[in-house]
Amino acid sequence: MADSPPRPAPAPARLRLDGLHVAIDGRSLVRDLSLEAGAGRVTGLVGPNGSGKSTALRCVYRALAPTRGAVRLDDRDLLALPRRESARSVAALTQENGSELDFTAREIVALGRTPHLRGNQAPGARERELCRRAMADLDVLHLADRGVLTLSGGERQRVLAARALVQEPAVLVLDEPTNHLDIRHQIRLLSLLRRTGTTVLVVLHDLNLAAAACDRIGVLADGTLVAAGTPREVLTPELVRDVFGVDATVVPHPLTGDPQLLYSLEHPPEGRP
Amino acid sequence: MSSSPPSVGAPPDTAGTAAAGRGLLLPVLVLLAALLASIVLAIGLGSAVVPPADTTRYLWAALTGGTIPADELTRYQIIWQVRTPRVLLAATVGAGLSVVGVAVQALVRNALADPFVLGVSSGASVGAVAVTVFGVFSSFGIHALSAGAFAGALGAAALVYAASLSRAGLTPLRLVLTGVALAYGFQAVMSVLVYLVPDGEATHTVLFWTFGGFGAATWGSLPLVAAIVVLGTLALHRFARSLDAMALGDETAASLGVDLAAVRRALFVLTALMTGAMVAVSGAIGFVGLVMPHLVRILVGARHARVLVLAPLLGAVFVVWADLVARTLAAPRELPLGVVTALVGVPVFVTLMRRHGYLFGGR
């Protein structure tokens, strides 16, 4: 940040899931998941549908209490904090893309300040500047006074992402943030995540985008962490076949060297649905 | 890829956000003035018309202990003992129903919800009919009916609460389903009572509680409901930002630090108390609690910090006028208030909704 805001944004924190276990109605959705997201790094979580990615994230932004296990921010036990306090450290972009009421985009973004403001205290000049900058970063400044229910799904997703940034979190958790976004805005959002300097834990479906955006990737299958490491270590043809049931050719990106997966529809994996 | 370096000289963005706070003062003042004028006018109007100047003089005399000439005593009595409590009750209940409507729509996350969706009003009817039929609460004297209705309302609310509570706390869909289902049950109980005890008075009681009205207003019935509505409204204001966050969905609200279970519990208790107190004195007046929240959102946007302030004021003005129409249009007979609120309100609402392209819950 080139200017000096009155209060500095909180330093990024190391996020650690420690033996996280979630069982609902006797079914284990997440099994003893231990995973670390380094301070200021982008950590990806990938895996097939129903592998427990979103459930794990929900424990981090406290929409769900785990059956056992802990979520630690540096060495603080996040789940023991009052909700408002943990929301000042952890912001989330969930898969909820709608709004029940027709707020303006600006009003939605300002809601990101909720955990920082007392009662009905109005946002001050610094908060408004924060909102303006987040909206500019996500290319929604021109939509500020539009009702969110008149926006497209992608525009709304960007407004909600701006809301999460405005929360000034030490950790940003995103559940498939590229949903609804066109390719330009997908790349724009992910490169923004890399630039924020915040600790990021992100669930992504597109493995190529994950390889480009993430410093480290954890792979979930059936609630269990089956691999973790740099994209190059993790995204191998063997793992992709084992976990996703897909045959892929992995090639290095000609410019960045990141592993990129190529799929063929003509040669489907043998013996698989 | 504009990384938009923060430009030092960028004009601070004052347009929309500052308007949020500033824009509230004017409508509040306008509505307060309108409410005051409506109250004075409505007190003066009726089968015997008293000019506003005289009305003000009588009210002043009553409040300051002044004297009234002997030949004006009857008019003074009508103004002070009959019309004033009635109009004030109309304002109170109009305000309360509107603000509770806002809260209940957020609580059950449903645009069609009104204060009675949680079964409170049908519980109140059962209580009132039980008083008429069995004579319970007779120790409360002339307030026995209201006491029975209030007890019935709170009992119904407690039942709905207990029946809809799940591991996840109060969830919107369960709440509204339980409320609607139990309301059918209460109506059935009420019908059985009326059917088994063929008593004209019981039927009359049922009719009153079904349509609602302020015909029974006295000074005695006013203070309790007014206190509950005012305190309840102030308490609901504290949840304004949480209600905004909840409109984005439970997950997002949780990520913003909103304790959903606690907020829903508080909302339920507050709205049940307020609705019960109102129904006990005025019956179930329909339409106001459903439509005023939408009307206010059309006019000033969705933010609860604004809606929760303006909805009670607009609702008070609306019901004062609706009650005036109800008691003067077909005088000396009184039209049921619910009929008037709907006949006046529906065209206004539809017109505004169409003109402003109002959206609720998506297109």
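Procedures and definitions
Residues numbered from 1 in each chain as written. Chains lettered and ligands numbered in written order. Predicted model: local features only at pLDDT ≥ 70, side-chain atom pairs only at ≥ 80, totals over all residues. Heavy atoms only, no water. Salt bridge = Lys/Arg side-chain N within 4 Å of Asp/Glu carboxyl O. Helix = DSSP H or I, 4+ residues; strand = E, 2+ residues; numbered from the N terminus. Buried < 20%, exposed > 50% of the residue type's maximum accessible area, 1.4 Å probe, protein only. Contact = heavy atoms within 4.5 Å. Buried area = accessible area lost by both parts, 1.4 Å probe. Pairing = 2+ DSSP bridges. Right-handed = clockwise from strand over helix to strand, strands pointing away. Axes fitted to C-alpha atoms, helices over the stretch in contact; angles between N-to-C directions.

- The name given to chain A in an unreviewed UniProt entry is ABC transporter ATP-binding protein, with Streptomyces hainanensis as the source organism.

1. Section: the pattern of salt bridges
Stage number 1. Enumeration according to the criterion identifies 28 salt bridges over all chains in this entry.
Stage number 2. With a shortest N-O distance of 2.3 Å, arginine 109 of chain B and aspartate 250 of chain B are connected by a salt bridge. Of this pair, arginine 109 of chain B sits in the loop between helix H3 (73-107) and helix H4 (120-134) while aspartate 250 of chain B sits in helix H10 (residues 250-255), and the two are 141 residues apart along the sequence.
Stage number 3. Residue class for aspartate 250 of chain B comes out partly exposed when judged on its relative accessible area of 24%.
Stage number 4. Salt bridges sharing common partners tie together Arg113, Arg126, Glu127 and Glu168 of chain A.

2. Concerning the interface of chain A and chain B
Stage number 1. Facing the 48 residues of chain A at the interface are 40 residues of chain B.
Stage number 2. For the pair chain A and chain B, the two sides together bury roughly 3900 Å², of which 56% comes from carbon and sulfur.
Stage number 3. Linking chain A with chain B are 3 salt bridges, by the criterion used here.
Stage number 4. For arginine 58 of chain A, the salt bridge identified is with glutamate 251 of chain B, shortest N-O distance 2.7 Å.

3. Description of the pairing of strand S8 (residues 199-203) of chain A
All names here are of chain A.
Stage number 1. The buried count for S8 comes to 5 of 5 residues, which makes it a mostly enclosed element.
Stage number 2. Residues Thr199, Leu201 and Val203 of S8 are buried on one face, and the alternating residues Val200 and Val202, pointing to the opposite face, are buried as well.
Stage number 3. The sheet contact formed by strand S3 (residues 42-46) and S8 spans 4 bridges and is parallel. When the bridges of S8 are listed, leucine 45 appears paired with valine 203.
Stage number 4. As judged from the 5 bridges shared by strand S7 (residues 171-175) and S8, these two strands associate in the parallel manner. If you follow leucine 172 over to S8, its bridge partner there is valine 200.
Stage number 5. As a crossover connection, the stretch from S7 through helix H6 (residues 183-196) into S8 is right-handed.

4. Considerations on the sheet that holds strand S1 (residues 15-24) of chain A
Paired through their backbone hydrogen bonds, the strands of a sheet run either parallel or antiparallel.
All names here are of chain A.
Stage number 1. Pairing is antiparallel across the open sheet formed by 4 strands, whose spatial order is S2-S1-S4-S5. Strands with a single pairing partner mark the edges of an open sheet, and in this sheet they are strand S2 (27-37) and strand S5 (76-77).
Stage number 2. Bridge count for S1 against S2 is 7 bridges, and the pairing is antiparallel. Each residue of the ladder has a partner; that of isoleucine 24, found in S2, is arginine 27.
Stage number 3. The sheet strands contacting helix H1 (residues 53-60) are S1, S2 and strand S4 (68-73), and the helix crosses S1 at an angle near 115 degrees.

5. As for the pairing of S4 of chain A
Along any regular strand, the residues point their side chains to alternate faces of the sheet.
Residue and element names in this part refer to chain A.
Stage number 1. Note: S1 against S4, 5 bridges, orientation antiparallel. Bridge pairing links leucine 17 to valine 71 in S4.
Stage number 2. Sheet topology places S4 next to S5; 2 bridges connect them, and they run antiparallel. Note that in S5 the partner of arginine 72 across the bridge is aspartate 77.
Stage number 3. Where S4 hands over to S5, the hairpin turn is made up of 2 residues, of which aspartate 74 adopts a positive phi near 50 degrees.

6. Focus on unusual backbone geometry
Residue and element names in this part refer to chain A.
Stage number 1. One non-glycine residue with positive phi stands out, namely aspartate 32, at about 40 degrees.
Stage number 2. What makes aspartate 32 partly exposed here is its relative accessible area of 45%.
Stage number 3. Within the chain, histidine 180 stands out as a residue other than glycine whose phi angle is a positive 70 degrees.

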